[in-house]
Amino acid sequence: MSESEPLLAALRVCKVYPDGKVAALVDLSLEIARGDYVAIMGPSGSGKSTLLNLLGALDEPDRGEIRFEGKPLNAYGNLDEFRSRRIGFVFQSFHLLPTLTALENVQIPMFEGPLRAAQRAQKALELLQTVGLSHRLQHLPSRLSVGERQRVAIARALANDPPLLLADEPTGNLDTRTANDVLDLFAALHRDRGMTLVVVTHSDEVALRAERVVRIRDGRIIEDTRLCTPRTPTHEIPIIAHAQGRGPDLV
Amino acid sequence: MYFLTFLIKNLTRRKTRSLLTILGVAVAVGTMVTLRGISYGFESSFVESFQHRGTDIVVVAAGQADQLRSDLDEKICEQLQHIPGVKTAWPGLLEMIDITRGTSVSSALIHGWRPNTPLFDDLTLLDGRSLQKGDPHEVLLGTTLASTLNKKVGDTIEMQQEPFRVVGIFRSFNVYENGGVVIALDELQRLMDRKGRVTGFSVVLEPAEDRAGTVERVCKEIETLKDEQGRPYKIMAQESKQYVSGTLYIQLAHGMAWITSAIAAFIGAISMLNTMITSVLERIKEIGILRAMGWRKGRVVRMILGESMLLSIAGGVVGVLGAVLVTRWLATVPEVNGFVRGDVSPVIMMQGFVTALVVALVGGTYPAYRAAHWLPTEALRHE
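Residues numbered from 1 in each chain as written. Chains lettered and ligands numbered in written order. Predicted model: local features only at pLDDT ≥ 70, side-chain atom pairs only at ≥ 80, totals over all residues.

A look at the overall build of chain B
So, point 1. Of regular secondary structure, chain B possesses 13 helices and 12 strands.
So, point 2. Taking 383 residues into account, the globule formula puts the C-alpha radius of gyration at 21 Å, and chain B, at 28 Å, lies well above it.
So, point 3. Projecting the C-alpha coordinates of chain B onto the three principal axes gives extents of approximately 90 × 50 × 30 Å.
So, point 4. Looking at the 383 residues of chain B, the share that counts as buried comes to 43%.
So, point 5. Pairs at least 24 residues apart make up 80% of the contacts formed inside chain B by residues separated by at least 6 positions. (Helix = DSSP H or I, 4+ residues; strand = E, 2+ residues; numbered from the N terminus. Rg over C-alpha atoms; globule rule 2.2 N^0.38 Å. Buried ≥ 20, exposed ≤ 12 C-beta atoms within 10 Å, placed from the backbone. Contact = placed C-beta atoms within 7 Å.)

Quick notes on the pairing of strand S9 (residues 181–184) of chain B
Residue and element names in this part refer to chain B.
So, point 1. Where strand S4 (residues 104–113) meets S9, 4 bridges bridge the pair, whose relative direction is parallel. The partner of Trp-113 across the bridge, within S9, is Ala-184.
So, point 2. Alignment of strand S6 (residues 138–142) against S9, held across 3 bridges, turns out to be antiparallel. When the sheet's bridge partners are listed, Leu-140 is paired in S9 with Val-182. (Pairing = 2+ DSSP bridges.)

Topic: the packing of helix H2 (residues 15–51) of chain B against helix H12 (residues 346–373) of chain B
All names here are of chain B.
So, point 1. One can describe the packing of H2 onto H12 by two numbers: an axis separation of 9 Å at closest approach and a directional angle of 150 degrees. Compared by their axis directions, H2 and H12 come out roughly antiparallel. Note on packing geometry: the crossing formed by H2 with H12 is right-handed. Side by side, H2 and H12 meet where Val-25, Ala-28, Val-29, Met-32, Val-33, Arg-36, Gly-37 and Tyr-40 of the first sit next to Ile-348, Met-349, Gln-351, Gly-352, Thr-355, Ala-356 and Val-359 of the second.
So, point 2. In the contact of H2 with H12, the residues fall into 10 nonpolar, 4 polar and 1 charged. (Axes fitted to C-alpha atoms, helices over the stretch in contact; angles between N-to-C directions. Parallel < 35°, antiparallel > 145°, perpendicular 65-115°, else oblique. Left-handed = near helix turned anticlockwise from the far one by under 90°. Nonpolar A, V, L, I, M, F, W, Y, C, P; charged D, E, K, R; others polar.)

Some details on helix H4 (residues 117–130) of chain A
Residues and elements named next belong to chain A.
So, point 1. Spanning 14 residues, H4 covers 20 Å between terminal C-alpha atoms, matching the ideal 20 Å at 1.5 Å per step.
So, point 2. Burial in H4 covers these residues: Arg-120, Lys-123, Ala-124, Leu-127, Leu-128 and Thr-130. Angularly, the buried residues of H4 cover 150 degrees about the axis, an arc narrow enough to put them on a single face. For H4, the exposed residues set more than 90 degrees away from the buried face come down to Ala-118 and Gln-122.
So, point 3. Of the residues flanking the end of H4, it is Gly-132, one or two places downstream, whose phi is positive at about 80 degrees. (Expected span 1.5 Å × (residues − 1). Arc of directions from axis to C-beta.)

As for the interface of chain B and chain A
Interface size is often expressed as the accessible area that is lost when the parts come together.
So, point 1. Each partner contributes to the interface: chain B provides 19 residues, whereas chain A provides 22 residues.
So, point 2. Taken together, the elements giving at least two residues each to the side of chain B that touches chain A come down to helix H1 (3–12), helix H10 (284–292) and helix H13 (376–381) of chain B.
So, point 3. The element best represented in the side of chain B that touches chain A is H10(B), accounting for 5 residues.
So, point 4. Tallied by class, residues from the side of chain B that touches chain A come to 9 nonpolar, 4 polar and 6 charged.

Description of the confidence of the model for chain B
Keep in mind that low pLDDT regions are not for reading the predicted coordinates in detail.
So, point 1. On average, residues of chain B carry a pLDDT of 89, and 98% of them reach 70 or more.
So, point 2. Across the predicted assembly, pTM comes out at 0.77 and ipTM at 0.85. (pLDDT = per-residue confidence, 0-100.)

Some points on the confidence of the model for chain A
All names here are of chain A.
So, point 1. Taken as a whole, chain A shows an average pLDDT of 86; of its residues, 89% reach a score of 70 or greater.
So, point 2. When pLDDT is averaged over each helix and strand of chain A, the minimum, 37, is found for strand S12 (residues 248–250) and the maximum, 96, for helix H3 (residues 102–107).
So, point 3. Between residues 232–251, whose pLDDT stays under 50, and residues either more than four places distant or in other chains, the model counts 36 contacts.

Regarding the domain arrangement of chain B
So, point 1. Here chain B is described as being made up of domain 1 (3–47 + 250–381) and domain 2 (64–233).
So, point 2. Here the C-alpha centroids of domain 1 of chain B and domain 2 of chain B sit 44 Å apart. (Domains from an automatic or database assignment.)

Comments concerning the sheet that holds strand S2 (residues 23–32) of chain A
Residue and element names in this part refer to chain A.
So, point 1. As summarised here, the arrangement of the 4 strands in space is S2-S1-S4-S5, forming an open sheet in which the pairing is antiparallel. Only two strands of the sheet have a single neighbouring strand rather than two, namely S2 and strand S5 (71–72).
So, point 2. Summarising the sheet, strand S4 (residues 63–68) and S5 pair through 2 bridges and their orientation is antiparallel. Bridging from a neighbouring strand, Arg-67 pairs with Pro-72 of S5.
So, point 3. Of the strands in this sheet, strand S1 (8–16), S2 and S4 touch helix H1 (residues 48–55), which is tilted by about 125 degrees from S1.

Describing unusual backbone geometry
So, point 1. A positive phi is found at Asp27(A), a non-glycine position, where the angle reads about 50 degrees.
So, point 2. One can find Asp27(A) in strand S2.
So, point 3. Under the C-beta neighbour-count criterion, Asp27(A) is labelled partly exposed, with 14 such atoms within 10 Å.
So, point 4. The backbone of Gln161(B) shows a phi angle near 65 degrees, a positive value even though the residue is not glycine.
So, point 5. For Gln161(B), the location among the structural elements is in the loop between strand S7 (156–159) and strand S8 (162–171).
So, point 6. Accessibility expressed as a C-beta count within 10 Å gives 7 for Gln161(B), which makes it exposed.

Overview of the nonpolar core
So, point 1. Judged by nonpolar contacts, the single largest core of 178 residues is most densely connected at Ile40(A) and Val59(B).
So, point 2. The dominant element in this core, judged by the number of residues it contributes, is H2(B), at 12 residues.
So, point 3. Both of domain 1 (3–47 + 250–381) and domain 2 (64–233) of chain B provide at least three residues apiece to this core.
So, point 4. Apart from the residues lying within four places of it in its own chain, the contact partners of Val59(B) are Leu80(B), Gly200(B), Phe201(B), Val203(B), Ile222(B), Ile235(B) and Ala237(B). (Core = buried A, V, L, I, M, F, W, Y, C linked by C-beta atoms within 7 Å.)

In structure tokens, the structure reads:
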């Protein structure tokens, strides 16, 4: 893949809702560069979640094509494996498994990877330390605050070191302060890990933390605004320092 | 965390449901192991009663699958002993008899044997003496029956409204004899009004290099024996093991065990299917999350089948242990302790575990298939 090649691209994709009457996406094209931080905004029913599903290889377009590192998704063969290695998902409702501790929840995606049980546990521990939850390792989701739950979900999304993080309304269930902590964490991942972030949101505050805002209405892009220049990916080992129980401080 | 740990944690989410499912599988497996254990114990004890005494061939009336209804002339015994290759033969009369026990009546097998025959060699006298020729109204009691009736040497039991004195209490290698009565053949013939008649004969052959060939030849010769008027006796001679497996009671026991086991296993599988379908339907969104995180269909299938396997293995262990305990307990119940050995063979236990695994596969496959084939987007939208 050349440096100029986008990490992710939607090429004239169309998607019709299952009822066959309403088009969720109409001839939509979008390129996302490696290391970009993109917010996708739009009213309910505009097609932004549908777009996120297509970009995340959870669904296939009726027409058009999704490309990752210049290759169509179907060239990757098994899309489950593709998602496992290349994409981390963060959801509005966290979707942690209720019977598993924070440490165990983070290990769930690693079952598809090559790590042994002890290595999985060690890596989950490191990820939870990264998101500032080293003091909550053995807590069940029911004993965590909503902000802590979302941070566990973020740690889980990072489990297989994906280059791309897709977040669907990640702050939708959080208060302002907790939402800011999560957004700080995203910013740190973006800057320190060189991760490419795509965040679907209703919130202007969330969108303003991104480098680029794409607005969608009726399945079409109506505005694509670059807020600042995308950073150059570093591919360096992430360095996120944090205090126990607090969101990350960036160094 | 191991994958197994994850499965166990999934199952502990609904503890009551999981326990009830384990119980359902345990009942299915336990029923199967208990019934098949009893029926095979029944057969092996029967076979043992012949083989332990070296009986090669059993002779009974032809066309009677019910051993108790076989009726032959006692004189045939002498003809049997003259067939080349036959070492010895002895007659036996077997009846089911009612024994008065206070205000109730117990049924027991009663064996009519000629005194001083080798049959008595395998009875270990625990108390009293053996039967002697010409002993009227005297019996030996098997240790299980003596305990059930609470009788000791010198006591009297009542059969067919006649009193009989207990002269000895014995222990046999055979569970049926331990639960039964041994009496002189002529005394039982008199009591049952079957003078000169017997149920059948046990035939012991001389050692031979070609045992199978000798058995076949002697059986053919026995079946062609004729009475004094030259009429065939209509008798059937079979190798003892073959005879036992063809006996009506053994076939009935096996048949009932199979049918009941199949019904129990079917109910267990339906219970498992219900549990796993409910479990999967409750977790549609969660399965969508797992798929979104990159879990392959195969891993989802392994998760659901793994859970049903764990439930079944737990049910299998509980069921087999329960069956062993129930069988042991049945061997102490007066009404049946003369027919139940009280042990379960390892082969039957393994069959129990195999049944549990089949229940897991039958109950888990469809839910696993359903779970694996939901589209992640549809599963994630599920509320």
